[in-house]
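Chain by chain, the residues:
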Amino acid sequence: MSTRIDRTVDVRRLTAPRDDEEFRRRAHDAIPGGAHTYSRGDDQLPIDAPSCFTRGKGGRCWDLHGRDFVDWGMGINNVLIGHAEDEIDEAAIAAIRNGVAFSRPTPLEVEAAEKLLCLFPGMGMVKFGKNGSDANTAAIRLARAITGRDLIAYDASAPFLSIHDWFIGTTVVNAGVPDAISSLSVPFTFNDPASVEAAFARHPGRIAVVVLEVCRDRKPAAGFLETVRRLCDEHGTLLLFDEIITGFRYALHGAHSLFNVAPDLMSVGKAMANGYALTALLGRRDYMERGGLRHHEPRVFLLSTTNGPEQSALAAMIATVQFYCEHDVIGRLASTGQRLINGFASAARRHGVDRFVSADSEFGCRPAPVFRSPDGQPSMAWRTLFLQETLRRGVFLPWLCPCYRHDMADIDRTLDAIDAACAVYAKAMDAGSVERFLGGPPVKPVFRKWN
Ligand SMILES: Cc1ncc(COP(=O)(O)O)c(C=O)c1O
């Protein structure tokens with residue numbers, strides 16, 4: 001019997017797009033928002049940004065027309081060695097050749113778990129997943145099961161913690177999330193111990209877990225993490241450090257190792273497999289065992305996904321950790337980032353816009369660009385101008401994620417582009433308005449109520 005070909009599939013549509021316009025139309029026809037992550041969408045970049053990237057190598061990406069860009073996006077902060085790093089890819093390919101999915105656990109799965117646990121001595125067990133949102137949400141379920149409580153105290157100044165209802169329900173894009181869910185998330189503010197104390201005082205005996213990133217561009221204030229830890233201990237609450245971004249980038253043993261405060265549970269992800277899809281929830285053994293088969297308490301359905309044990313990503317992770325152990329990746333990220341921070345500062349000073357343009361950060365590995373309007377407020381329109389001018393000079397900086405493979409040529413091109421962008425910025429400042437300088441509409445925040 002011959003296989004019937006479905007004539008409704010128009011094979012002509014499956015060819016490579018001819019130009020940016022066709023790419024954008026097809027992307028938006030097929031995918032809500034035109035991209036599978038909102039932060040990679042068209043509304044996040046100036047109109048003449050490349051519509052897509054077709055390949056990458058090291059610290060560069062190429063667009064449809066073969067133009068190369070120094071890439072400071074590096075995925076979404078998840079490619080910390082460099083694009084298409086041979087050693088990592090070969091490890092993944094070798095695993096692929098032996099099959100990627102099995103219906104019993106594999107030696108690679110156990111080896112990867114053991115490797116990861118070696119890096120985080122306070123953590124006794126680990127479960128792998130495919131995204132950080134799942135890891136954080138699994139941690140919350142575990143904390144609720146262990147404490148018998150329902151509330152989550154979360155850092156309301158965190159840009160992002162999960163795609164799941166407990167976090168999205170707290171943002172302005174909360175359509176589809178019942179109040180009954182969002183009301184279970186109670187806010188506090190990073191580096192404000194009084195706000196954590198107040199959350200505990202408002203909800204005595206009800207907070208199951210406190211969720212926060214250890215640091216972003218600022219260090220935790222002296223005593224802040226210690227206070228959070230103490231309050232959790234006093235109130236019988238679990239502490240979850242979201243190290244999805246910070247793990248591996250700030251320190252191989254997690255950013256929390258820099259500040260000597262240990263969590264009960266932690267999530268890691270972005271940097272651990274050089275862009276291959278892998279995340280993990282780690283935790284103290286006594287807690288994580290509740291997700292296992294060796295106890296008599298009610299079972300916790302902890303983190304159980306079809307693709308969590310995908311062999312290629314696990315092999316990539318083992319190779320990535322090995323690479324971190326053999327090369328000073330973290331030192332390189334910090335020094336590259338510091339060059340950018342300094343470059344921003346000197347170019348902005350040279351052109352007299354240092355009150356408006358900066359990438360200041362207390363951590364070299366995480367420069368934090370800020371673009372302000374003449375009234376001194378962070379501004380999407382002025383951000384658009386800067387991105388437009390740097391893109392025109394072959395530099396893509398939706399944010400600044402240094403990778404190990406960014407070299408002097410990448411940095412030099414970037415510093416030149418920053419200098420030129422500051423010059424245009426200064427002209428627009430003199431004109432008192434950005435409008436005449438923009439080629440299209442300003443970019444928009446991801447978290448907004450309306451399009
Ligand atoms: C700090 C932090 N936590 C959690 C997440 C969610 O991770 P994922 O996108 O893999 O679900 C992100 C994603 O950007 C993040 O930055």
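This text follows the structure it describes.
The following paragraphs examine the structure supplied in this document. (Residues numbered from 1 in each chain as written. Predicted model: local features only at pLDDT ≥ 70, side-chain atom pairs only at ≥ 80, totals over all residues. Heavy atoms only, no water.)

Once that is clear, we can look at the sheet that holds strand β3 (residues 68-71). Across the sheet, 4 strands lie side by side as β1-β2-β3-β13; this open sheet has mixed pairing. In this open sheet, the two edge strands, each paired with only one partner strand, are β1 (53-57) and β13 (395-396). Inspection of the sheet shows β3 paired to β13 by 2 bridges, in the parallel sense. Along β13, the bridge assignment pairs Val70 with Val395. (Pairing = 2+ DSSP bridges. Helix = DSSP H or I, 4+ residues; strand = E, 2+ residues; numbered from the N terminus.)

As a further point, take helix α8 (residues 193-202). By the burial criterion, the buried members of α8 are Ser195, Val196, Ala199 and Phe200. Buried residues of α8, seen end-on, are gathered within an arc of 140° and therefore sit on one face of the element. Buried-residue contacts for α8 involve β6 (185-188), β7 (207-212) and α9 (224-235). (Buried < 20%, exposed > 50% of the residue type's maximum accessible area, 1.4 Å probe, protein only. Arc of directions from axis to C-beta. Contact = heavy atoms within 4.5 Å.)

What follows deals with unusual backbone geometry. With phi around 50°, Ala84 is a residue other than glycine that occupies positive phi space. In this fold, Ala84 is placed in the loop between α2 (74-77) and α3 (86-96). The backbone of Asn191 sits at a positive phi, close to 65°, despite the residue not being glycine. The residue Asn191 is located in the loop between β6 and α8 in this model.

A surface patch of nonpolar side chains, about 220 Å² in accessible area, is lined by Ile93, Ile96 and Val100. Topologically, Val100 is positioned in the loop between α3 and α4 (107-119). (Patch = residues over 30% accessible without salt bridge, like charges linked within 9 Å, V, L, I, M, F, W, Y side chains within 5 Å. Areas by Shrake-Rupley, 256 points an atom, 1.4 Å probe, with all protein chains shown as cover. Salt bridge = Lys/Arg side-chain N within 4 Å of Asp/Glu carboxyl O.)

Our next topic: the site of the ligand. In the vicinity of the ligand, the residues found are Asn131, Gly132, Ser133, Asn136, Phe160, Leu161, Glu213, Asp242, Ile244, Ile245 and Lys270. Contact between the ligand and Gly132: an oxygen atom at 2.7 Å from a main-chain N or O atom of the residue. Within the side chain of Lys270, one N or O atom sits 3.0 Å away from an oxygen atom of the ligand. Against a free-state accessible area of 390 Å², the protein chains account for coverage of 82% of the ligand. Its residues placed into classes, the shell around the ligand shows 4 nonpolar, 4 polar and 3 charged. (Near = heavy atom within 4 Å. Polar contact = N/O pair within 3.5 Å; in protein donor to acceptor, adjacent residues only side chain to side chain. Nonpolar A, V, L, I, M, F, W, Y, C, P; charged D, E, K, R; others polar.)

Next up on the list: the packing of aromatic side chains. All chains considered together, the criterion is met by 17 aromatic pairs. Summarising the aromatic geometry, the rings of Phe120 and Phe248 are spaced 6.1 Å apart at their centres and angled 85° between planes, so their arrangement reads as edge-to-face. With a gap of 128 residues between them, Phe120 in the loop between α4 and β4 (125-129) and Phe248 in the loop between β8 (238-243) and α10 (256-259) connect regions that are remote in the sequence. Here Phe344 and Phe386 contribute two aromatic rings whose centre-to-centre distance is 5.5 Å and whose plane-to-plane angle is 20°, an arrangement assigned as stacked. (Phe/Tyr/Trp six-rings, centres within 6.5 Å; stacked < 30°, edge-to-face > 60°.)

Our next topic: α3. Turning to α3, its buried residues are Ile88, Asp89, Ala92 and Ala95. What you see down the axis of α3 is that its buried residues fit within an arc of 120°, all on one side. Among the structural elements, α4 and α12 (311-326) are those in contact with the buried residues of α3.

A separate point is the pairing of β3. As paired elements, strand β2 (residues 60-63) and β3 share 3 bridges and run antiparallel to each other. Each residue of the ladder has a partner; that of Trp62, found in β3, is Asp68. The turn joining β2 and β3, which pair antiparallel and follow one another in sequence, is formed by 4 residues; a positive phi near 80° is taken by Gly66.

With that settled, the discussion passes to the pairing of β8. Of all 6 residues in β8, 6 are buried, a share of seventy percent or more. Of the two faces of β8, the one lined by Leu238, Leu240 and Asp242 and the one lined by Leu239, Phe241 and Glu243 are each fully buried. Inspection of the sheet shows β7 paired to β8 by 4 bridges, in the parallel sense. Across the sheet, the residue bridging to Val210 is Leu239, located in β8. After leaving β7, the chain enters α9 and then returns to the sheet as β8, a path that is right-handed. (Right-handed = clockwise from strand over helix to strand, strands pointing away.)

Two pairing modes exist for strands in a sheet, parallel and antiparallel, and in both the strands are linked by backbone hydrogen bonds. Taken in spatial order, the 7 strands line up as β4-β10-β9-β8-β7-β5-β6 in an open sheet, and their pairing is mixed. Two strands close off the open sheet at either side, each with one partner strand: β4 and β6. Neighbouring strand axes in the sheet, compared pairwise and without regard to direction, differ in orientation by 20° on average. Running over the sheet, α4 touches β4, β9 (265-268) and β10 (279-283) and is turned about 120° from β4. (Axes fitted to C-alpha atoms, helices over the stretch in contact; angles between N-to-C directions.)

Bringing the environment of Lys270 into the picture now. Here Lys270 shows up in the loop between β9 and β10. By relative accessible area, which is 24% here, Lys270 ends up partly exposed. Sequence separation between Lys270 and Ser162 is 108 residues, and the spatial gap between their C-alpha atoms is 13 Å. Residues in contact with Lys270, not counting those within four places in the same chain, are Ile76, Asn77, Asn78, Ile244, Ile245 and Gly275.

This part is about the pattern of salt bridges. Applying the stated criterion to the full structure yields 30 salt bridges. One salt bridge connects Asp410 with Arg60, and the closest N-O pair in it is separated by 2.6 Å. Separated by 350 residues along the polypeptide, Asp410 in helix α15 (residues 408-431) and Arg60 in strand β2 bring together distant segments of the chain. Judged by relative accessible area, which is 2%, Asp410 ranks as buried. With a shortest N-O distance of 2.7 Å, Arg229 and Asp233 are connected by a salt bridge. Here Arg229 pairs with Asp233, and both are found in helix α9, just 4 residues apart, close to one helical turn. Here the salt bridges share partners, and the residues they tie into one network are Arg229, Asp233, Asp264, Arg284 and Asp286.

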